[in-house]
Each structure stands twice: as C-alpha cells, then as structure tokens.
Amino acid sequence: MDKDAALSMAHCGLFRVDVSSIEDELLFNESDGMHFEFKSFFGAHDSPGHLGYLLLKACQKHGLKPEAAAVENKIAFFLPDEVQRILRAPKCTCRVGVLNLPPEYIDSIVAPYKICLYYWESDRLPHRMIEPLNKFDEVWVISDWNKEVFRNSGVNVPIHKIRVGVDPDEYSYCWRPRENFTFGLCGFLTYRKGADIACRAFHRAFSTEGDVRLEIKTRVNPILNAVKEPEYLNDTRISVIKDEWDVARMREWYGSLDYFVFPSRCEGLGLIVPEAAACGAIPIITDWSGLTEFHDSPFLKIPHKGLQDLAADAIEEGHWCIPDEDVLVEIMRMCYTARDEGQHRACSDYALQNWDVSNTAKDISVRLHRIHNDVVRPKQIAQAVLETGGIC
C-alpha cells in the first residue's frame with residue numbers, strides 16, 4: 001500500500017491503528033495549546049508590522065502558542081515583554097506555518113503546511129503575485145472584500161477570512177473633547193489614504209470658522225520620502241504631527257478627536273478605524289473596498305463617484321475609488337453643528353463588541369483545529385499505518 005492510498009483510507013476512518021506512539025508529534029494537544037510557525041514583520045505603525053504585532057499579541061493572550069520569528073529585526077522597541085519573550089523562544093517543529101510577508105518568501109516557512117496571511121489594496125492582484133500565492137496550501141485575508149478580490153484575480157487555493165480588531169487593553173473609551181472642534185486622520189501621507197481629500201474638504205467646509213481643527217498624525221518614512229504633503233497646509237488650523245508615539249499616546253490622541261475622517265481611496269480593511277472608534281472618535285469612512293466590513297456600524301459613510309485606473313500610479317492592475325468630496329464637505333459641516341456624547345459611546349461600544357482581538361485568536365484556533373483534523377492527523381495516521389502495518 002502506498003502513502004496516498006493510506007492517506008485516503010485514513011481520511012475515511014478505515015484504519016484500526018494505535019497511534020499513541022506518535023501522540024507527542026500531534027499538532028494540537030489540549031494541555032499544551034496550539035503551536036504554529038509564524039514569520040512576520042513586527043511593528044506598530046506600518047500595516048504589515050501592525051498586523052503581525054496584533055496577531056502575535058492576540059494569540060499570546062488567548063492561549064495559542066505561535067513560534068514567531070521577526071524578519072530583518074523589524075521589532076518595535078515598545079512590544080510588551082511577554083511578546084518579546086515569545087519572539088526569543090527556542091524554535092520547535094511545527095506542522096503549520098503562517099507567513100505575514102509577500103508570498104515570494106514562502107521558503108522562509110519551514111512547516112510542511114504553509115499559509116500566507118496577506119491583503120491587497122486595489123480591486124485586482126498584480127499578475128506576478130498569483131503564482132506565488134497558489135503555492136501555499138491556503139491563504140488568509142482580513143476582509144470579505146479581499147477574499148473576493150483574491151478569488152477573482154486567480155487565486156485558486158482555499159481562502160479564509162481571519163477577523164482582526166482592537167485590543168481593549170490598548171484602545172478603549174477615553175473621549176474628552178477639546179475646546180476646538182477637532183477632526184483627525186492618521187496614516188502615511190500617500191495618495192491612497194486620501195489626506196488630500198480630507199484637507200480640501202476641511203478647507204471648503206470651514207472657510208472662516210476659527211474654532212475647528214484638522215490634525216494629521218503621520219510619521220517619517222524613508223521609503224515614502226517622495227510623497228508630497230497635502231494641499232492647504234498653509235492653513236494654520238491644519239497641522240501634521242510626525243512625532244513617534246507609543247500606543248498609550250495614540251489612544252489619548254484618538255480620544256481627543258470629535259471625528260476620525262478617513263476618505264481612503266482603497267483599504268484592505270483599515271485597522272486604524274476600529275482603534276479610533278474604540279477610543280470614542282466617530283469615524284467618517286469611504287463606503288468601498290475593505291472598509292465595507294463596517295457596513296453595520298454607526299460610522300458615517302462617504303459614497304464614491306466611480307473608479308480610477310491605477311496604471312498611472314505604478315500599480316500593475318486594478319482600481320481605487322474616487323470618494324465623493326462634495327458629500328464629505330456636507331458631512332463635516334453637519335458634524336460641526338453639535339456634539340453628542342451618546343454617538344461617541346455608540347461607536348466605542350460597536351468597535352469593542354464587534355472588533356475585539358479575541359476574535360482573531362478564535363478564528364486562527366478554528367482554522368488550525370480543522371487543518372489538524374482534516375490534513376495533519378490523517379497524514380500522521382497514514383504514516384503510522386505504513387510503518388506499523390495497520391489492519392484495514
């Protein structure tokens with residue numbers, strides 16, 4: 001009997017085999033938690049690093065046991081001590097590996113069952129990425145929109161959505177309004193993020209009002225040093241903050257905003273949106289791409305006027321949307337008329353109830369259990385049968 005035949009029969013439960021001898025090699029053990037190899041960037045501000053940090057911390061808090069490795073030593077200095085300990089832990093032999101890096105780095109995963117955690121920020125993947133993604137056993141994405149984009153682009157391996165969200169120990173309700181009515185936006189000052197739209201809309205909505213502000217929290221990034229800052233920065237009511245902040249300072253800033261304005265042209269999800277909402281800032285977001293994950297939220301939505309081709313922006317394929325700036329102007333004017341703490345509370349409650357990071361650990365645990373039951377254990381049983389001469 002060859003291995004494929006043994007594996008097929010193991011899936012069907014046709015072997016009567018004592019597998020106690022390989023129990024120590026099983027992926028899941030109730031007393032030991034769930035182990036998996038995890039290769040990722042780790043950081044708190046750039047998106048891949050933020051996602052890696054979030055997943056690692058979620059797993060650590062909720063009983064999963066990733067054997068993590070930082071790539072290129074890109075570890076933020078303020079990662080919690082316990083997470084740092086996990087990163088330094090000795091490597092173990094894992095059956096499943098998760099890569100939070102571009103798919104061409106598949107060989108950095110040692111585990112035999114390989115998963116790519118990835119997201120994309122246009123409505124079509126570049127053709128060059130399809131073949132590398134299809135080398136994985138499955139792909140994890142962070143929004144239903146990305147799941148559709150990946151499938152439509154030609155990814156033919158299983159695709160599963162892993163919910164991500166907010167750690168309530170880091171981001172929770174702290175809204176304290178300032179004397180001046182304040183809108184805020186954070187992220188790199190790239191065209192996709194829509195900082196130019198936010199600045200123009202602010203300038204149009206408040207041509208003379210002196211008690212309103214727009215703050216843009218960003219940071220210096222050598223990779224993006226060619227990106228121009230938004231228009232209208234000669235308006236003294238608009239300020240750009242480039243200081244390095246830790247999580248506590250970000251929470252304080254989110255909690256000082258009346259509205260978090262985010263007219264992004266495209267997002268894989270937009271993790272900063274539930275973070276801001278959890279602290280009490282009311283998000284104003286574009287109703288397109290991964291931001292449609294918040295369709296059932298009390299957030300304010302900006303419609304779009306159509307799509308723009310990305311060929312001129314050095315992206316190989318796909319489109320971004322064109323947020324309706326006129327509607328954003330009207331929304332900002334409407335928001336300025338009154339403050340209602342009930343609305344701020346409602347946004348925080350929604351974010352903390354629906355986007356708790358515990359869901360991340362739950363989704364990962366469910367997937368790993370299924371991989372163990374459907375793939376890993378049958379292979380182990382089949383191997384044991386071949387080695388011990390099990391009886392059908």
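Residues numbered from 1 in each chain as written. Predicted model: local features only at pLDDT ≥ 70, side-chain atom pairs only at ≥ 80, totals over all residues. Heavy atoms only, no water.

Caption draft 1: Seen up close, the overall build of the chain. Tallying secondary structure elements over the chain gives 11 helices and 15 strands in all. Within the chain, buried positions represent 55% of all 392 residues. (Helix = DSSP H or I, 4+ residues; strand = E, 2+ residues; numbered from the N terminus. Buried < 20%, exposed > 50% of the residue type's maximum accessible area, 1.4 Å probe, protein only.)

Caption draft 2: Representation of helix H6 (residues 195–205) within the structure. Extensive coverage of H6 is indicated by the burial of nine of its 11 residues. Those residues of H6 not exposed but buried are Ala-195, Asp-196, Ile-197, Ala-198, Cys-199, Arg-200, Ala-201, Phe-202 and Ala-205. The inward-facing, buried residues of H6 abut strand E8 (181–186), strand E9 (212–217), strand E10 (238–241), strand E11 (259–262), strand E15 (319–323) and helix H9 (325–336). (Contact = heavy atoms within 4.5 Å.)

Caption draft 3: Structural detail: the nonpolar core. Counting 83 residues, the largest nonpolar core has Phe-183, Tyr-254, Phe-260, Ile-284, Phe-294 and Ile-364 as its most contacted members. No other element matches H6, which puts seven residues into this core. Those residues in contact with Ile-364 that lie beyond four places of it in its chain are Phe-36, Leu-55, Cys-59, Leu-64, Trp-140 and Ile-162. Judged by nonpolar contacts, the second largest core, of 27 residues, contains Leu-101, Met-129, Trp-145 and Trp-288. (Core = buried A, V, L, I, M, F, W, Y, C linked by side-chain atoms within 4.5 Å.)

Caption draft 4: Structural detail: the pairing of strand E6 (residues 138–141). Neither face of E6 is exposed, since Glu-138 and Trp-140 on one face and Val-139 and Val-141 on the opposite face are all buried. As paired elements, strand E5 (residues 113–117) and E6 share three bridges and run parallel to each other. Looking at the pairing, Leu-117 lines up with Trp-140 of E6. Of the crossover connections in this fold, the one passing from E5 over helix H4 (residues 127–133) to the parallel E6 is right-handed. As judged from the three bridges shared by E6 and strand E7 (residues 159–161), these two strands associate in the parallel manner. Looking at E7, one finds that Trp-140 is bridged to His-160. Of the crossover connections in this fold, the one passing from E6 over helix H5 (residues 144–153) to the parallel E7 is right-handed. (Pairing = 2+ DSSP bridges. Right-handed = clockwise from strand over helix to strand, strands pointing away.)

Caption draft 5: How the structure looks around the side chain of Asp-258. Topologically, Asp-258 is positioned in the loop between helix H7 (247–254) and E11. At a separation of 2.8 Å, a polar atom in the side chain of Asp-258 contacts the main-chain amide nitrogen of Thr-182. For Asp-258, the contacting residues outside a window of four places in its chain are Trp-175, Pro-177, Asn-180, Phe-181, Thr-182, Ala-281, Ile-282, Arg-339 and His-344. (Polar contact = N/O pair within 3.5 Å; in protein donor to acceptor, adjacent residues only side chain to side chain.)

Caption draft 6: Seen up close, the pattern of salt bridges. A complete count under the given rule lists 23 salt bridges for this structure. Salt-bridge contacts for Asp-169 lead to Lys-61; the nearest nitrogen and oxygen are separated by 2.8 Å. Highlighted residues: Asp-169 in the loop between E7 and E8 and Lys-61 in helix H2 (residues 47–61), separated in sequence by 108 residues. Assessed through its relative accessible area of 61%, Asp-169 is described here as exposed. For Lys-61, a relative accessible area of 32% gives the class partly exposed. (Salt bridge = Lys/Arg side-chain N within 4 Å of Asp/Glu carboxyl O.)

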